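Residues per chain are reported as follows:
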Amino acid sequence: MTSEPGSADAGEATPSGRPAQLERTGLRSGWTTGACATAATKAAYVALLTGDFPDPVAITLPTASPSFALTVEELADDGAWAMAGVTKDAGDDPDVTHLALVRSTVRRGAPGTGVTFVAGPGVGTVTKPGLPLAVGEPAINPMPRQFIASHVAEVAAELGDSGDVVVEISIDDGEEIARKTWNPRLGILGGLSVLGTTGVVVPYSCSAWIDSIRRGIDVARAAGHPHVAGCTGSTSEKVAVAEYGLPDDALLDMGDFAGAVLKYLRRHPVPRLTIVGGFAKLSKLAAGHLDLHSGRSQVSLSHLSDLAAEAGFSLDLGGCNTGLEALHRAQAAGVPLGDLVATAAAREALAVLREAPVAVDVVCIDRAGSIVGRCAPMAR
């Protein structure tokens, strides 16, 4: 595979956030199941149309253009389907799907149907509401679907085909691997989810990430920025830039480490901190959690109900499966749960900041990057 993400050419600006994490630790980044499924699908579709599998197969991701070697390939004798498989390389991240074989089998679809997705062996099916996919859908997340569909369209245009195909994604031993994940609890049954928003797996190093957060704050202070944003990911960063016009060196790649941002700002303050992140993650901060990682803190539906009750709203979240489902139920009931979470999260942040002269506001977003809650700047 080529185009290792996170590298910087000589003469470029010193990296921060995720690139800084990679540079400082020497950890090697990798590729998501979604990227592997995209590469396998492209190779299989080309073979379905031409009889030949491209190997390696190149794809285009938002931040990289890797090429993948095929682990397996098979073309039906009658040409009705083609299958290609890619072995996932998660780099140095402790990912349970590292070295899993991700396969894509591509068949002709009915005219005008576009790309239809099917869960093959080892890929789960959604059985509960509250996820970004409807109940009954294969657990292939929206962004990998976009990656796959765009590459199918690219191949179709190049080879003069309609692009009407059925794409079946499977993962060898996926059902067994899924037992080590949150999928069964979330109602994703039968296997793994096909995930990834950028296609790149960033190796997880707590110390390196926290060190990059501190360096980011130091850089922002040295530049004289009066306003910084702690963001949980790339979508949050885009919202911070769109809402406040903040420069790159005022954006802190907070990830799950809200506590690291707040504790360092307590000793090295800036006048204003905006925290931007997904509703579910920030509901954990609102409940007092400073580490927002799914393996170390969970969304508390009872706490969300309590926030609504304290504000004079009756909100029944019984039967909800995820924070997203709770938010949707609140929106349907006219309860401003996003604003309540943002306000509670800002108060928790101020409690950690203690007497530091930092005003805090919080912006909650959904998976699409739409703002679903916010509060005005607050100070102690």
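Note that the structure is predicted; figures quoted are calculated from it, not measured.

Caption draft 1: Main features of the overall build of the protein chain. Counting its secondary structure elements, the protein chain contains 12 helices and 18 strands. Its C-alpha atoms give the protein chain a radius of gyration of 22 Å, near enough to 21 Å, the size a compact globule of 380 residues would have. Taking the principal axes of its C-alpha atoms as reference, the protein chain extends roughly 70 × 55 × 35 Å. Classification of the 380 residues of the protein chain by burial places 49% in the buried group. A separation threshold of at least 6 residues defines the contact pool for the protein chain, and within that pool the share at least 24 residues apart is 67%. For the protein chain, the accessible area works out to roughly 16,200 Å², and carbon and sulfur atoms hold 51% of it.

Caption draft 2: Seen up close, the nonpolar core. Among the nonpolar cores identified, the biggest contains 61 residues, and I275, V341, V360 and V362 are the most heavily contacted of them. Looking at which element gives the most residues to this core, the answer is helix 12 (residues 337-353), with 11 residues. Here V341 is in contact with F279, L282, S283, A286, L304, L307 and C364, once residues within four sequence places are set aside. Core analysis: the next-biggest nonpolar cluster, separate from the first, contains 42 residues, A37, V106, V152 and A156 among them.

Caption draft 3: Up close: the pairing of strand 10 (residues 165-171). Taken across its seven residues, strand 10 has six buried, putting it largely inside the fold. Two elements, strand 6 (residues 101-108) and strand 10, share seven bridges in a ladder whose sense is antiparallel. What sits directly across from V106, in strand 10, is V167. Bridge analysis of strand 7 (residues 115-119) against strand 10 gives five bridges, and the strand direction is parallel. Bridged to F117 within strand 10 is V167.

Caption draft 4: Focus on the packing of aromatic side chains. Counting across every chain of the model gives one aromatic pair. Note on W31 and F68: the rings are 5.8 Å apart at their centroids and 70° apart in plane angle, and the pair reads as edge-to-face. Taken together, the residues span a long stretch of sequence, with W31 in strand 1 (residues 30-31) and F68 in strand 3 (residues 67-68) at a distance of 37 residues. The class for W31 is buried, based on a relative accessible area of 2%. Accessibility expressed as a relative area gives 0% for F68, which makes it buried.

Caption draft 5: Up close: the environment of P247. Looking at the element boundaries, P247 is found in the loop between helix 7 (234-244) and strand 15 (251-253). With a relative accessible area of 36%, P247 lands in the partly exposed category. Here the alpha-carbon distance between P247 and V228, two residues 19 residues apart in the chain, equals 9.0 Å.

Caption draft 6: Molecular detail of helix 11 (residues 323-332). Those residues of helix 11 that fall on the buried side of the exposure criterion are G323, L324, E325, A326, L327 and A330. In the core, the buried residues of helix 11 are packed alongside helix 9 (279-286), helix 10 (301-310), helix 12 and strand 18 (371-374).

Caption draft 7: Helix 7, seen in detail. Those residues of helix 7 that fall on the buried side of the exposure criterion are S236, V239 and A240. End-on, the buried residues of helix 7 take up no more than an arc of 100°, which puts them together on one face. When the buried face of helix 7 is taken as reference, the exposed residues oriented beyond 90 degrees from it are K238 and A242. One or two positions beyond helix 7, positive phi appears at G245, with a value near 65°.

Caption draft 8: Geometry of the packing of helix 2 (residues 33-50) against helix 3 (residues 142-159). At a closest axis distance of 9 Å, the pairing of helix 2 and helix 3 adopts a crossing angle of 25°. Relative to helix 3, the element helix 2 is oriented roughly parallel. Remark: the crossing between helix 2 and helix 3 carries right-handed chirality. Contacts from G34, A37, T38, T41, K42, Y45, V46, L49 and T50 in helix 2 reach P144, F147, I148, H151, V152, E154, V155, A156 and L159 in helix 3. Taken together, the residues that form the contact of helix 2 with helix 3 break down as 11 nonpolar, five polar and two charged.

Caption draft 9: How the structure looks around the pattern of salt bridges. Applying the stated criterion across every chain yields a total of 10 salt bridges. Of the charged contacts, one joins R374 and E243 as a salt bridge, the two residues approaching to 3.2 Å between their closest N and O atoms. Of this pair, R374 sits in strand 18 while E243 is found in helix 7, placing the two residues 131 residues apart along the sequence. Taking the relative accessible area as the measure of exposure, R374 reaches 33% and is therefore partly exposed. Classification of E243 by relative accessible area gives partly exposed; the value is 38%.

Caption draft 10: Region of the structure containing the pairing of strand 4 (residues 72-75). In the sheet, strand 4 pairs with strand 5 (residues 81-87) via four bridges, with the strands oriented antiparallel. Each bridged residue has a counterpart across the sheet, and for E73 the counterpart in strand 5 is A84. The hairpin turn running from strand 4 into strand 5, its antiparallel successor, is five residues long, and G79 in that turn takes a positive phi close to 75°.

Caption draft 11: Focus on the sheet that holds strand 4. The sheet built from five strands is open, its strands ordered 4-5-6-10-7 with mixed pairing. The outermost strands of the open sheet, each flanked by one partner alone, are strand 4 and strand 7. With strand direction ignored, the average angle separating the axes of adjacent strands in the sheet is 15°. Running at roughly 40° to strand 6, helix 2 makes contact with strand 4, strand 5, strand 6 and strand 10 of the sheet.

Rules and cut-offs
Residues numbered from 1 in each chain as written. Predicted model: local features only at pLDDT ≥ 70, side-chain atom pairs only at ≥ 80, totals over all residues. Heavy atoms only, no water. Helix = DSSP H or I, 4+ residues; strand = E, 2+ residues; numbered from the N terminus. Rg over C-alpha atoms; globule rule 2.2 N^0.38 Å. Buried < 20%, exposed > 50% of the residue type's maximum accessible area, 1.4 Å probe, protein only. Contact = heavy atoms within 4.5 Å. Areas by Shrake-Rupley, 256 points an atom, 1.4 Å probe, with all protein chains shown as cover. Core = buried A, V, L, I, M, F, W, Y, C linked by side-chain atoms within 4.5 Å. Pairing = 2+ DSSP bridges. Phe/Tyr/Trp six-rings, centres within 6.5 Å; stacked < 30°, edge-to-face > 60°. Arc of directions from axis to C-beta. Axes fitted to C-alpha atoms, helices over the stretch in contact; angles between N-to-C directions. Parallel < 35°, antiparallel > 145°, perpendicular 65-115°, else oblique. Left-handed = near helix turned anticlockwise from the far one by under 90°. Nonpolar A, V, L, I, M, F, W, Y, C, P; charged D, E, K, R; others polar. Salt bridge = Lys/Arg side-chain N within 4 Å of Asp/Glu carboxyl O.

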